[in-house]
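# Summary of structural features
One letter stands for each residue in the lines below.
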Amino acid sequence: MRAVLLRLAAKLAAGLAMVLTVATFTFFLVHALPGNPGDAAYEAYVLGGMPPETARAKVAVIYGFTSHEPLTDQYLGYLGQLARGNLGVSISYSGVPVSDVIRAAVPWTVLPVLSGLVVSFLVGCTAGVIAAVRRNSRTGGLLSLSGSLMAGVPSFVLALLLAFLFHTLWNVLPYGDTSDVTIAPGFTPDYVGSVATHAVLPVATYALLSYGGWLLTMKSSVASVLGDDFILAAELRGIAPATRMRYIGRNAVLPLFTTLALSIGHMFAGSVLIEDVFDYPGLGNLLLKSIGSRDYPLMGGAFLLITVTIVLANIVAEMLYSVIDPRVRR
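None of these values were measured; they are calculated from a predicted model.

## Some points on the nonpolar core
Counting 37 residues, the largest nonpolar core has Ile 102, Phe 278, Leu 283 and Leu 286 as the members making the most contacts within it. Put simply, the parts of the chain that give this core at least two residues each are α5 (98–105), α6 (107–133), α7 (138–151), α8 (155–169), α9 (189–226), α13 (272–278), α14 (283–292) and α15 (296–324). It is α9 that contributes the most residues to this core, six residues altogether. Apart from residues no more than four positions distant in its own chain, Leu 283 is found in contact with Ile 102, Ala 105, Thr 109, Phe 268, Glu 275, Ala 302, Leu 305 and Ile 306. In this structure, Val 222, Val 225, Ile 248 and Ala 252 belong to the second largest nonpolar core, which totals 15 residues.

Take a look at the structure:
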């Protein structure tokens, strides 16, 4: 147990160093963009009718520094704000804290991405087992072909195709936003049903995009398991075909759990194009809007959340794999 805790502490320390590195890179990258972020916020407030002195003071509150200070002092002020959990105040959302803006957008990324990921994992792994076991049949060939085709389709192409077919051409699914604006939010059947129907296209896009990768990976893993001695011993004992299928799948799916954990960590980073196509107000859409409006505090907060999620996913994946596979634990 002590060794496990020490290993976990080392991983957390490495993850913290990575987050700090990305935060530093983001700070200097933002300052390298045309237009100082503090100046951009100051100009926005002044154009909105705020007195210059008040605007300058508000910029100092948002960033922890003023734009005329040396870059090192600005960086130290930024780290000080970050250490206190203060991500600043959004410029484009009229002074709303960045943490509140991100907190409102995160569920609308987690809902479709996580749903699509779970569906694609279950369907893709099942199809991968069938494609590997029946690789010499027509069914196995068609499944492998479908996986190869879906793995090669760009995300925005698939999203545009689904939007055109199911919304523009057939008009069977809604498009844009998270629910019907005429329905009041709440845990009512109408609102929940509206949220579900608005999420169908994004969920289907994520599921189809991930399906091919899970199928091909699972097929390769099953192919390697089929040559192991314990499968041959089970076949010689005369196990039923359905039991053999479960036996193979249970052992072949172990390496995919690591990839699944990493995919969950990358959910925020991979949602930008799809949310933009469907005008779905998740974190990816929020990040694009913050870049377009030069909302530097919001941009930095979104990048930081993506980084933290990926780092935590890597730690969880490594620890989880040692738990589910006794060979790695030993």
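Past the structure itself, the notes keep going.
## What to know about the packing of α9 against helix α12 (residues 254–265)
At their nearest, the axes of α9 and α12 sit 10 Å apart, and the two run at 160 degrees to each other. Our classification of the angle between α9 and α12 gives roughly antiparallel. Two packed elements cross with a definite hand, and for α9 against α12 that hand is right-handed. Within the contact between the two elements, α9 uses Trp 214, Thr 217, Met 218 and Ser 221 and α12 uses Pro 255, Leu 256, Thr 259, Leu 260 and Ser 263. When the residues that make up the contact of α9 with α12 are grouped by side-chain class, the tally is five nonpolar, four polar and no charged.

## Regarding the UniProt feature "transmembrane region" (unreviewed entry) in the protein chain
Listed under "transmembrane region" (unreviewed entry) in the UniProt record, and renumbered for this structure, are residues 12–33, 113–133, 145–170, 195–216, 253–274 and 302–324. Taken end to end, residues 113–133 has its terminal C-alpha atoms 30 Å apart, with 100% of it in helix and 0% in strand. Taken end to end, residues 145–170 has its terminal C-alpha atoms 27 Å apart, with 85% of it in helix and 0% in strand.

## Structural notes on the side chain of Ser 290
Summarising the element assignment, Ser 290 is placed in helix α14. Look at Ser 290 and you get buried, because its relative accessible area is 1%. Residues in contact with Ser 290, not counting those within four places in the same chain, are Asp 295, Leu 298 and Met 299.

## Considering the packing of aromatic side chains
Under the counting rule described, the total for this entry stands at eight aromatic pairs. Seen from their ring centres, Phe 27 and Phe 28 are 5.1 Å apart, and the 90 degrees between their planes marks the pair as edge-to-face. For Phe 28, a relative accessible area of 36% gives the class partly exposed. Judged by centre distance (5.0 Å) and plane angle (90 degrees), the ring pair of Phe 121 and Trp 214 falls under edge-to-face.

## What about a negative patch on the surface?
On the surface, Asp 177, Asp 180, Asp 276 and Asp 279 cluster together to form a negatively charged patch. Relative to the helices and strands, Asp 180 is located in the loop between α8 and α9.

## What to know about empty space enclosed by the protein
As enumerated under the stated definition, the model contains two cavities of 30 Å³ or more in all. Empty space within the second largest cavity amounts to approximately 30 Å³. If you go around the second largest cavity, the residues you meet are Val 22, Ala 23, Thr 26, Tyr 78, Gly 300, Phe 303 and Leu 304. Taken together, the elements giving at least two residues each to the lining of the second largest cavity come down to α1 (2–32) and α15. Split by residue class, the lining of the second largest cavity holds five nonpolar, two polar and no charged.

## A short note on the UniProt feature "domain: ABC transmembrane type-1" (unreviewed entry) in the protein chain
According to UniProt, the "domain: ABC transmembrane type-1" (unreviewed entry) feature falls on residues 106–317. Between the first and last C-alpha atoms of residues 106–317 the distance is 21 Å; the span itself is 78% helix and 0% strand.

## Topic: the layout of surface pockets
For the largest pocket, the calculated volume is near 340 Å³. Along the wall of the largest pocket there are 16 residues; nearest its centre are Leu 117, Tyr 206, Leu 209, Ser 210 and Ser 263. Every element with two or more residues in the lining of the largest pocket is listed here: α6, α9 and α12. The leading source of residues in the lining of the largest pocket is α9, at six residues. In terms of residue class, the lining of the largest pocket is built from seven nonpolar, nine polar and no charged.

Each value, and the rule that gives it
- Chains are numbered independently. Their residues run from 1 in the order of the written sequence.
- For this predicted model, a pLDDT threshold of at least 70 governs which residues receive local features, and a threshold of 80 or more governs which side-chain atom pairs are given and counted, while totals over whole chains, interfaces and linings are taken from all residues.
- Side-chain metrics rest on all non-hydrogen atoms present in the structure, leaving aside hydrogens and water.
- Put simply, a nonpolar core is a bunch of buried Ala, Val, Leu, Ile, Met, Phe, Trp, Tyr and Cys residues held in one set by side-chain atoms that sit within 4.5 Å of each other.
- Residue burial is assigned from relative accessible area. The probe radius is 1.4 Å, only protein chains are included, and a residue is buried under 20% of its type maximum, exposed over 50%, and partly exposed in between.
- Strands here are runs of E lasting at least two residues and helices are runs of H or I lasting at least four, both read from the DSSP assignment and numbered beginning at the N terminus.
- Residue contacts follow a heavy-atom distance rule, with two residues in contact if any of their heavy atoms lie within 4.5 Å.
- Between the N-to-C directions of two axes lies an angle of 0 to 180 degrees, each axis being a line fitted to C-alpha atoms and, for a helix, fitted only over the stretch in contact.
- In this scheme, roughly parallel covers angles under 35 degrees and roughly antiparallel covers those over 145, while 65 to 115 is roughly perpendicular and the rest are oblique.
- Crossings are sorted by hand: turned counterclockwise from the far helix by less than a right angle, the near helix makes the crossing left-handed, and turned clockwise it makes it right-handed.
- In this count, Pro and Cys sit with the nonpolar residues alongside Ala, Val, Leu, Ile, Met, Phe, Trp and Tyr, while Asp, Glu, Lys and Arg are called charged and the others, Gly among them, polar.
- UniProt positions are given in the numbering used here, feature names are shortened, and annotations may be inferred rather than shown by experiment.
- To pair, rings of Phe, Tyr and Trp, with the six-membered ring standing in for Trp, must have centres within 6.5 Å; the planes then decide the type, stacked if under 30 degrees apart, edge-to-face if over 60, and tilted in the middle.
- Like-charged residues are merged into a patch within 9 Å and nonpolar side chains (Val, Leu, Ile, Met, Phe, Trp, Tyr) within 5 Å, provided each residue has over 30% relative accessible area and no salt bridge.
- Note on areas: these come from Shrake-Rupley sampling with a 1.4 Å probe, and a residue is covered only by the protein chains present in the view.
- Take a side-chain nitrogen of Lys or Arg and a carboxyl oxygen of Asp or Glu: if they are within 4 Å of each other, that pair is a salt bridge.
- Positive charges come from Lys and Arg, negative ones from Asp and Glu, while His and the chain ends are left out of the count.
- By convention, charge coordinates are those of NZ in Lys, CZ in Arg, CG in Asp, or CD in Glu.
- Both cavities and pockets are sets of points on a 1 Å grid over the protein atoms alone; in a cavity a 1.4 Å probe fits but cannot get out, in a pocket the set is open with protein on both sides within 12 Å along at least five of seven lines, and lining residues sit with an atom within 4 Å of a point.
- Grid points are joined across faces, edges and corners, and a volume is the space filled by probe spheres set on the points.

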